[in-house]
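The primary structure of each chain is shown beneath.
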Amino acid sequence: MLAAGDLSEPGRAGTRRSGPSPQRRRTRRGRDRTRTCRARRRRPGGREHGSGPAAISSAIYAIRKGLKIGLIGDSVGGQVSTTNDIENIIGTPKTTGSDFSMSLEKHAKEYEIPFHKGHLVTKVELDGKDKIVTSDDDLKFRTKTIIIATGAKHRELNIEGEKEFTGRGVHYCSTCDGPFYRNLDVVIVGGGNSGVEAALDLSNIAKSVTLMEFMKDLKADEVLQKKAYENPKITVMTNVQTKKVKGTQFVTELEYMNRETEEVKTLKTDGIFVEIGLMANTKVFENLVDMNRIGEIVIDNANMTSVEGIFAAGDCTTVMHKQIIISMGEGAKAALSAFNYILNN
């Protein structure tokens, strides 16, 4: 989350801070007391919650605009750090999630961006036009603007073997990882729009696509269902429950159960794509800004939320297409919008 404008860091009296260090002074008794840290000649700046591509992008763009900023989040990378190979970042033909995450962190360090690492925001309060951000170690930060870039997480099947084979045959983004399965057999789990769209996309790449849905009928739009049923490379299986992912070094089989007969079967496959939706990491902000029915933060074309001075970027928002390159662009746009807001307020 990026905050900007007369940023001060009250902190906790009598405690030692981690992350962005406040200025300190010695009292006559020799005790260390936190002093509020205000922007000097630099323009007042911000506080960043989240540390994925959108967060790092907004932080870098903000600090290049002369804003005093800070980053609050867990480890750098977010969802990206769990991705295996990445081949769709323009200008970077091929990298891995871990390598890309390290490059994000290295870039942030080039600008000496203060990072309250390993902590999350637990509360945001409004005080006039100011915002007071509280982290999970009870530090408080007063600011004029915020950029929420907390990302999202994929809904999981929560079955045996899923976590073990994540990145080794189990994936959550067909756009990102589908091209690695050219002329191979794949399974798509999820019969909503995202699942059926993934099946249609992968039918142009994979040897065969098996589309599995827990309910008796697909939930996707009729036009998508029609295309899936008419596609000779797609086999649709409804009323089935996935039970177990099997393999050695990589996925080789998926165990599932027919919910009507309770018969358990095994399907040989090279890859499994879980397409049952995303969960935006926005719960802490649910009483602060407007969200849609699935918890994504509603933003306008300038990334402003329903609260003046609070912006949002990346997968936690209503922006279409959850992709790394789009999140980075949205982060940059949010930072520039926050800068313009500060100039005009």
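1. Some thoughts on the packing of aromatic side chains
Here is step 1: Counted by the stated rule, this structure contains two aromatic pairs.
Here is step 2: Judged by centre distance (5.5 Å) and plane angle (80°), the rings of Tyr-181 and Phe-273 are edge-to-face. Taken together, the residues Tyr-181 in the loop between helix 3 (174-177) and strand 14 (185-189) and Phe-273 in strand 20 (residues 271-274) connect sequence positions 92 residues apart. As far as burial versus exposure is concerned, Tyr-181 and Phe-273 are alike and both buried.
Here is step 3: Ring plane angle 75° and centroid distance 6.1 Å describe the contact between Phe-311 and Tyr-341, whose orientation is recorded as edge-to-face. Of this pair, Phe-311 sits in strand 22 (residues 310-312) while Tyr-341 is found in helix 6 (residues 324-344), placing the two residues 30 residues apart along the sequence. Each member of the pair, Phe-311 together with Tyr-341, is buried.

2. What about the nonpolar core?
Here is step 1: Ile-56, Ile-69, Phe-100, Ile-113, Ile-147 and Phe-311 are the most contacted members of the largest nonpolar core, which has 31 residues in total.
Here is step 2: Elements supplying a minimum of two residues to this core: helix 1 (53-64), strand 4 (67-73), helix 2 (97-110) and helix 6.
Here is step 3: With residues near it in sequence (within four places) discarded, Phe-100 still touches Pro-53, Val-80, Ile-86, Ile-89, Thr-95, Ile-324 and Met-328.
Here is step 4: Grouped together as the second largest cluster of nonpolar side chains are 18 residues, Val-186, Val-196, Leu-200 and Ile-205 included.

3. Quick look at the side chain of Asp-177
Here is step 1: For Asp-177, the position within the fold is in helix 3.
Here is step 2: At 11 Å, Lys-94 is the nearest oppositely charged side chain to Asp-177, a buried residue that forms no salt bridge.
Here is step 3: Within the local environment of Asp-177, its side chain forms a polar contact with the side chain of His-171, the two groups lying 3.4 Å apart.
Here is step 4: The residues contacting Asp-177, other than those within four sequence positions of it, are Thr-83, Asp-85, His-171 and Phe-273.

4. Observations concerning the confidence of the model for the protein chain
Here is step 1: Averaged over the protein chain, the pLDDT score is 85; the fraction of residues at 70 or greater is 85%.
Here is step 2: Across residues 12-49, where pLDDT falls below 50, the model places 122 contacts with residues more than four positions away in sequence or in other chains.

5. Focus on helix 6
Residues lying three or four places apart along an α-helix face the same way, a consequence of the helix completing one turn every 3.6 residues.
Here is step 1: For helix 6, built from 21 residues, the straight-helix expectation of 30 Å at 1.5 Å per residue is met to within 8% by its first-to-last C-alpha distance of 31 Å.
Here is step 2: Listed as buried for helix 6 are Ile-324, Ser-327, Glu-330, Gly-331, Ala-332, Ala-334, Ala-335, Ser-337, Ala-338, Phe-339, Tyr-341 and Ile-342.

6. Examining the pairing of strand 9 (residues 130-135)
Here is step 1: For strand 9, the tally of buried residues reaches six of six residues, placing the bulk of the element in the interior.
Here is step 2: Burial along strand 9 is two-sided: the residues Asp-130, Ile-132 and Thr-134 and Lys-131, Val-133 and Ser-135 are all buried.
Here is step 3: Hairpin remark: strand 8 (residues 121-127) followed by strand 9, antiparallel, with two residues in the connecting loop; positive phi at Gly-128, about 70°.
Here is step 4: Two elements, strand 9 and strand 10 (residues 140-143), share four bridges in a ladder whose sense is antiparallel. Across the sheet, residue Ile-132 finds its bridge partner in strand 10, namely Arg-142.
Here is step 5: Counting the residues in the hairpin turn of strand 9 and strand 10 gives four residues, including Asp-138, whose phi is positive at 70°.

7. So, unusual backbone geometry
Here is step 1: Positive phi outside glycine occurs at Asn-183, with the angle close to 65°.
Here is step 2: Although it is not a glycine, His-321 adopts a positive phi angle of roughly 65°.
Here is step 3: With respect to the helices and strands, His-321 occurs in the loop between strand 22 and helix 6.
Here is step 4: According to the relative accessible area criterion, His-321 is exposed, its value standing at 55%.

The rules behind each value
Residues numbered from 1 in each chain as written. Predicted model: local features only at pLDDT ≥ 70, side-chain atom pairs only at ≥ 80, totals over all residues. Heavy atoms only, no water. Phe/Tyr/Trp six-rings, centres within 6.5 Å; stacked < 30°, edge-to-face > 60°. Helix = DSSP H or I, 4+ residues; strand = E, 2+ residues; numbered from the N terminus. Buried < 20%, exposed > 50% of the residue type's maximum accessible area, 1.4 Å probe, protein only. Core = buried A, V, L, I, M, F, W, Y, C linked by side-chain atoms within 4.5 Å. Contact = heavy atoms within 4.5 Å. Lys, Arg positive; Asp, Glu negative; His and termini not counted. Salt bridge = Lys/Arg side-chain N within 4 Å of Asp/Glu carboxyl O. Polar contact = N/O pair within 3.5 Å; in protein donor to acceptor, adjacent residues only side chain to side chain. pLDDT = per-residue confidence, 0-100. Expected span 1.5 Å × (residues − 1). Pairing = 2+ DSSP bridges.

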